[in-house]
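# Chains, contacts and geometry: an overview
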Amino acid sequence: MSQKYDRVYNFSPGPANLPESVLEQVRDEMMNYKGSGVSIMEISHRAYPFDEIMVNVKSRVRQLLGLGEDYAVLFLQGGASTQFSMLPMNLQLPGKSVDLVHTGHWTQMALDQLKKGFEHRVVASGEKDGFKRLPELSARHLTSDASYVHMCSNNTIYGTQWKTFPDTGKVPLVCDMSSDIMSRRLDFSRFDVIFAGAQKNLGPSGVCLVVIKQELAERASDKLPTMLQYRTHIKNDSRFNTPPAFGIYVMGLVLDWIVKQGGLDAMEKQNNEKAKVLYDAIDSSSFYESPLHKPDRSLMNVVFRIKPDSKDSEKLEESFIKEAKVAGLTELKGHRVIGGLRASIYNAHPLSGVQALAQFMREFERKNG
Ligand SMILES: *Cc1c(COP(=O)(O)O)cnc(C)c1O
């Protein structure tokens, strides 16, 4: 990536790339944060300068998503995975189902938690298509008085991504945006809860961003464990207990970086351009193949195979991964449940990285095609 540090082009699905300028700033501020004489990891989370960091990061989230004070911005622990249980615990209304749109591994994880005694309905599913395409979905699939609808905007493992979202009317729309948050412009006011583990597009692991309509948090019984009520974290500005302060600090720097790049419009433009380089390389060859329904392909996780119908397919993919690594292109192995290859190219992945990969793909095909 940069000659300066001898870094590689990292295609890791998560934890993933951070902008180099952010890593440099973290390094520069590590020993003495803005003249405080200590690092950000060694101070109270209830006083200046951490207060200032909290104010900035929350306002950046609202600014970039175009949301107002009717949404709470929370920084929680337990990853996106804890949200799969916190959501139904807090938002399920008696006798009213949770509508789940099933599009792969991460909605399966949400479904597994719903099965622990929460009324639910799978209203659309891509399972019969091996999650290679998104299921048909419109208002008529949904329960008119459901507790909420759960969706995942980008399916990190299968490589599909929703381009549009259904009108859920009065039913709250909850979306797992772990792997595409801040990557494109959407009308975010159509969502009632947006959550995202930070380690793909926002910062280091250990913090989960949750943006929730304030009034929704009032649905929860106060008999729930205090730490598992959204209300607790809203009242205490995510500082009921010690928050993941370092992660919140880095997230603030990443959001500052996005704003400097030109905000979500600029991110979306770059992400389209980056994905196009790889999809063009795949589509223009008979050696590589995308297993996915074209309109559903993700801009974040580019999933592909080498000659999937040939008996040499797996061997070729193995050598591809090995040789790519030698060439400084790492983490290209597909997820173990589907195999093949996957290039994850989140916001912080540079265009030069996808260009280098496309070039490598052409050379590998020339030698092995
Ligand atoms: C990575 C990922 C998760 C899991 O996040 P954790 O923070 O590890 O719990 C959930 N949903 C999606 C879409 C993901 O990509």
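A brief look at the structure comes next. Quick caveat: nothing in here was measured; it's all calculated off a predicted structure.

## So, the sheet that holds strand β12 (residues 301-306)
Here we have three strands laid out as an open sheet, ordered β11-β12-β14, and antiparallel in their pairing. In this open sheet, the two edge strands, each paired with only one partner strand, are β11 (288-289) and β14 (341-344). Judged from the four bridges that link them, β12 and β14 form a sheet pairing that is antiparallel. When the sheet's bridge partners are listed, V303 is paired in β14 with R342. The sheet contacts of helix α7 (residues 263-283) involve β11, β12 and β14, and relative to β12 the element is tilted by about 20 degrees. Against the sheet, helix α8 (residues 313-326) contacts β11, β12 and β14, and its axis sits at roughly 130 degrees relative to β12.

## Things to note about the pattern of salt bridges
Taken as a whole, this structure holds 22 salt bridges when the rule is applied. Across the pair E218 and R231 runs a salt bridge, and its minimum N-O distance is 3.2 Å. Taken together, the residues E218 in the loop between β10 (208-213) and α5 (230-235) and R231 in helix α5 connect sequence positions 13 residues apart. Note that E323 is salt-bridged to K367, the shortest N-O span being 3.7 Å. Linking E323 in helix α8 with K367 in helix α9 (residues 351-368), this pair joins segments that are 44 residues apart in sequence.

## Some remarks on the site of the ligand
By nearness alone, 13 residues border the ligand, and A80, S81, T156, D176 and K200 come closest of all. Between the ligand and the protein, one listed contact pairs a nitrogen atom with a side-chain N or O atom of D176 at 2.7 Å. In the model, an oxygen atom of the ligand is placed 2.7 Å from a nitrogen or oxygen of the K200 side chain. Summarising the interface, the protein chains cover 87% of the accessible area of the ligand, which totals 390 Å² for the free molecule. Among the elements that take part in the shell around the ligand, helix α3 (residues 79-91) stands out by supplying four residues, more than any other. Within the shell around the ligand, the residues separate by chemical class into four nonpolar, seven polar and two charged.

How each quantity is defined
- Residues numbered from 1 in each chain as written.
- Predicted model: local features only at pLDDT ≥ 70, side-chain atom pairs only at ≥ 80, totals over all residues.
- Heavy atoms only, no water.
- Pairing = 2+ DSSP bridges.
- Helix = DSSP H or I, 4+ residues; strand = E, 2+ residues; numbered from the N terminus.
- Contact = heavy atoms within 4.5 Å.
- Axes fitted to C-alpha atoms, helices over the stretch in contact; angles between N-to-C directions.
- Salt bridge = Lys/Arg side-chain N within 4 Å of Asp/Glu carboxyl O.
- Near = heavy atom within 4 Å.
- Polar contact = N/O pair within 3.5 Å; in protein donor to acceptor, adjacent residues only side chain to side chain.
- Areas by Shrake-Rupley, 256 points an atom, 1.4 Å probe, with all protein chains shown as cover.
- Nonpolar A, V, L, I, M, F, W, Y, C, P; charged D, E, K, R; others polar.

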